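Understanding the architecture of this molecule
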Amino acid sequence: MDINLLRGLITVLSLLVFIGIVVWVYGKDRRQQFEEAANLPFADDDRAHRA
């Protein structure tokens, strides 16, 4: 196996992993979970100011 072939395969594999992550993140099933996670820092805001 040539080193350039190995580099090419790693590049293609990395691109496929990147595309897979993008599809996973922007999938319709995950949107609600990510919106809830984005609002977590604001969830306990009222209790922190009362103390």
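You'll find the structure just up there.
The present account deals with the structure reproduced in this document. (Residues numbered from 1 in each chain as written. Predicted model: local features only at pLDDT ≥ 70, side-chain atom pairs only at ≥ 80, totals over all residues. Heavy atoms only, no water.)

**With respect to the overall build of the chain**
Filter applied, for reference: Working definition: helices are DSSP H or I runs of at least four residues, strands are E runs of at least two. Numbering for both runs from the N terminus. Throughout this description, buried means an accessible area under 20% of the type-specific maximum (1.4 Å probe, protein chains only), exposed means over 50%, and partly exposed covers the range between. The protein chains shown are the only cover counted for residues, whose accessible areas, like all others here, come from Shrake-Rupley with a 1.4 Å probe.
Tallying secondary structure elements over the chain gives three helices and zero strands in all. Taken from N to C terminus, the helices and strands of the chain fall in the order α-α-α. Expressed as a percentage of its 51 residues, the buried residues of the chain come to 0%. Here the chain has roughly 5,100 Å² of accessible surface; of this, 63% comes from carbon and sulfur atoms.

**Concerning a nonpolar patch on the surface**
Condition: Patches were defined on residues exceeding 30% relative accessible area and lacking a salt bridge, with like-charge contacts within 9 Å and nonpolar side-chain contacts (Val, Leu, Ile, Met, Phe, Trp, Tyr) within 5 Å. Salt-bridge detection follows one rule: a side-chain nitrogen of Lys or Arg within 4 Å of a carboxyl oxygen of Asp or Glu.
Taken together, the side chains of Leu13, Leu15, Val17, Phe18, Ile19, Ile21, Val22, Val23, Trp24, Val25, Tyr26 and Phe34 define a hydrophobic patch exposed on the protein surface, amounting to about 1,200 Å² of accessible area. The element best represented in the nonpolar patch is helix α1 (residues 3-25), accounting for 10 residues. Position of valine 17 among the secondary structure elements: in helix α1.

**What about the packing of aromatic side chains?**
Let me state the cut-off plainly: Two rings belonging to Phe, Tyr or Trp (six-membered ring only in the last case) form a pair when the distance between their centres is within 6.5 Å. Interplanar angles under 30 degrees mark stacking, angles over 60 mark edge-to-face geometry, and anything in between is tilted.
Counted under the stated rule, the structure contains one aromatic pair. Between the aromatic rings of tryptophan 24 and phenylalanine 34, the centroid separation amounts to 5.7 Å while the plane-to-plane angle is 90 degrees, which identifies the pairing as edge-to-face. Taken together, the residues span a long stretch of sequence, with tryptophan 24 in helix α1 and phenylalanine 34 in helix α2 (residues 31-38) at a distance of 10 residues. Since its relative accessible area comes to 44%, tryptophan 24 is described here as partly exposed. Phenylalanine 34 sits in the partly exposed class, given a relative accessible area of 34%.

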